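Notes for the structure review
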Amino acid sequence: MTIYTLPKHIDFEGQVNAKNTHLFTLKNRTGMEVAFTDFGARIVSILVPDKNGNLIDVALGFKSIHDYFAADEKYHGASVGRYANRIANGRFELEGKTYTLQQNNGPNSLHGGPQGFHNKVWDRQVSMQKKVDFYYTSPDGEEGFPGTLNVHVSYELSNDNEIIIHYRATTDKTTVVNLTNHTYFNLNGEGDGDILSHMVEIPAETYLPIDEHAIPFGFESPVDETAFDFRLARKIVEALNPEDEQIQRGHGYDHTFVNKQPLTQVAATVYSEVSGIKLDVFTTEPGIQFYTGNFLSGKDTGKSGNRYLSQSAFCLETQHFPDSPNRSNFPSVVLKPGAVFESTTIYKFGLVK
Ligand code: BGC
């Protein structure tokens, strides 16, 4: 059995663009512990009790800041922005002006560009071991986006084993915003095999089918009688139909499920019958990108010394829909001066009954 320990503060002392990096930890009354770094305002580890009361680290990640800098996969645990997910052809129009972004994912712009928020050292403040606040000011024109964006991401650890993530952003010029958290979860423990036997339940009636560049066509499709029907809990491996054209395009699941649940009702649940650990996701966002880590390449070695192979983790990225800046029928991602962008996501851990 792997013995999981929290990463050491000293191993997270580094520097990016003259800003120092650190590690922060939160702990609650039931013994759950979560570690964060200001590099990318990211989650480094999540230790939660399994059915035997052992603490299991369910978040993929690395044991030092240098491993994060060197990693093949750049988004482990990170706060992703200014625009999480894809913008087709790295281009969009806003108030009559065309904005061009770097195409870092085939023809698309992905996750705010190569120097997106995941790659910045955020300012931070820790309160009472319960909450950590991260702040970043993205200058006008950064990665091609208009407007100075002031972003605040806070993580709170409750005594009910919830990680409560709150996002807030304001701008001085009309811009687009889509923020998410990119934690890769494995509920058997990071580095402990694949996630194909995890059970998934998502009440979404529709999802967004994608083209060959993983861009949604622009319409919602019913999940009924497809590989995307998780309205009743199903094992990933049993749902994942390799003949399905959509599954082939995503190389597995890499699709947005349309979320109609309010923050008080579960938008997605994943659990492992092996560890007994269950993750419930609650969100104010209209979409959840369910991604089965298809592009994890095996080049990265994680905290406990195991390689991160394809489908060794899953993400539930709560967000607006991909390519919304080019789709007037999608919920708007436009933020104007004077308005406040706010959004909340809760990752709640528990045990299968
Ligand atoms: C995307 C994947 C991408 C991954 C990058 C996910 O949000 O949907 O296609 O490979 O991020 O790590």
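Below is a summary of the structure that appears in this document. (Residues numbered from 1 in each chain as written. Predicted model: local features only at pLDDT ≥ 70, side-chain atom pairs only at ≥ 80, totals over all residues. Heavy atoms only, no water.)

1. What to know about the overall build of the protein
Stated precisely, the cut-off is as follows: We count a stretch as a helix when DSSP gives it H or I for four or more residues in a row; a strand needs E for two or more, and each element gets its number in order from the N terminus. With C-alpha atoms as the basis for the radius of gyration, the globule rule is written as 2.2 Å multiplied by the number of residues raised to the power 0.38. Exposed residues in this analysis have more than 50% of their type's maximum accessible area, buried residues have under 20%, and partly exposed residues fall in between, with area computed by a 1.4 Å probe over protein chains only. Per-residue and other accessible areas were derived by the Shrake-Rupley procedure at a 1.4 Å probe size, with only the shown protein chains allowed to occlude residues.
From N to C terminus, the protein includes three helices and 28 strands. Taking 2.2 N^0.38 as the reference for a compact globule, 353 residues should give roughly 20 Å; the C-alpha atoms of the protein span a radius of gyration of 19 Å, in line with that estimate. Based on the C-alpha atoms only, the size of the protein along its principal axes is roughly 60 × 50 × 40 Å. Residues classed as buried in the protein amount to 59% of the 353 residues present. When the accessible surface of the protein is summed, it comes to about 14,000 Å², and 48% of that surface belongs to carbon and sulfur atoms.

2. Some thoughts on the site of the ligand
What counts, and what does not: One heavy atom within 4 Å of a molecule or strand makes the whole residue count as near it. Identification of polar contacts relies on pairs of N or O atoms within 3.5 Å, with a donor-acceptor requirement for protein atoms, meaning one able to donate a hydrogen and the other able to accept it, and with residues adjacent in sequence counted only if both atoms are side-chain atoms. Any residue that is not Ala, Val, Leu, Ile, Met, Phe, Trp, Tyr, Cys, Pro, Asp, Glu, Lys or Arg is counted as polar, Gly included; the first ten are nonpolar and the last four charged.
All residues adjacent to the ligand are Glu-73, Tyr-75, Arg-86, His-111, His-182, Tyr-184, Asp-254, Gln-289, Tyr-291, Phe-295 and Glu-317. One nitrogen or oxygen atom from the side chain of His-111 is found 2.9 Å from an oxygen atom belonging to the ligand. Within the contact set of the ligand, an oxygen atom lies 2.6 Å away from a side-chain nitrogen or oxygen of Glu-317. Isolated, the ligand exposes 310 Å² of accessible area, and the fraction of that covered by the protein chains is 96%. Classifying every residue of the shell around the ligand by side-chain character gives four nonpolar, three polar and four charged.

3. Brief notes about the sheet that holds strand 24 (residues 277-283)
Keep this limit in mind: Strand pairing is defined by DSSP finding a minimum of two bridges between the two strands.
With antiparallel pairing, the nine strands of this open sheet are ordered in space as 12-13-14-15-28-24-23-18-21. Edge positions in the sheet fall to strand 12 (123-127) and strand 21 (234-235), since each has one partner strand and no second. Of the strand pairs in this sheet, strand 23 (residues 268-271) and strand 24 are connected by four bridges, and their pairing is antiparallel. Residue pairing for strand 24: Thr-269 is matched across the bridge by Asp-280.

4. What to know about the pairing of strand 3 (residues 23-27)
Counting buried positions over the five residues of strand 3 gives four, a clear majority of the element. Strand direction decides the pairing type here: strand 3 and strand 4 (residues 33-37), joined by five bridges, are antiparallel. Among the inter-strand pairings, Leu-26 is bridged to a residue of strand 4, identified as Val-34. Linking two consecutive strands that pair antiparallel, namely strand 3 and strand 4, is a turn of five residues; a positive phi of about 100 degrees is found at Gly-31 within it.

5. Let's talk about the environment of Gln-246
Operational definition: Should any heavy atoms of two residues lie within 4.5 Å, those residues are considered in contact.
Position of Gln-246 among the secondary structure elements: in helix 3 (residues 245-250). A relative accessible area of 8% means that Gln-246 is categorised as buried. Excluding its chain neighbours within four sequence positions, the residues that come into contact with Gln-246 are Tyr-207, Pro-209, Ile-210, Phe-217, Phe-228, Gly-252 and His-255.

6. As for unusual backbone geometry
Look at the link from Gly-81 to Arg-82: it is a cis peptide, with omega at 0 degrees. Along the polypeptide, Arg-82 turns up in the loop between strand 7 (79-80) and strand 8 (86-87). Its identity as a non-glycine residue notwithstanding, Ala-214 has a phi of 65 degrees, on the positive side. Its identity as a non-glycine residue notwithstanding, Asp-323 has a phi of 60 degrees, on the positive side. With respect to the element layout, Asp-323 can be found in the loop between strand 26 (315-319) and strand 27 (334-335). By relative accessible area, which is 2% here, Asp-323 ends up buried.

7. Section: the environment of Lys-299
Of note, Lys-299 is situated in the loop between strand 25 (287-291) and strand 26. For Lys-299, a relative accessible area of 64% puts it in the exposed group. Put simply, Lys-299 and His-76 are 223 residues apart on the chain and 14 Å apart in space, counted from C-alpha to C-alpha.

8. Overview of the pairing of strand 23
Going residue by residue along strand 23, you find Ala-268 and Val-270 tucked away on one face and Thr-269 and Tyr-271 tucked away on the opposite face as well. Taken together, the three bridges between strand 18 (residues 199-201) and strand 23 define a ladder with antiparallel strand orientation. Across the sheet, the residue bridging to Glu-201 is Thr-269, located in strand 23.

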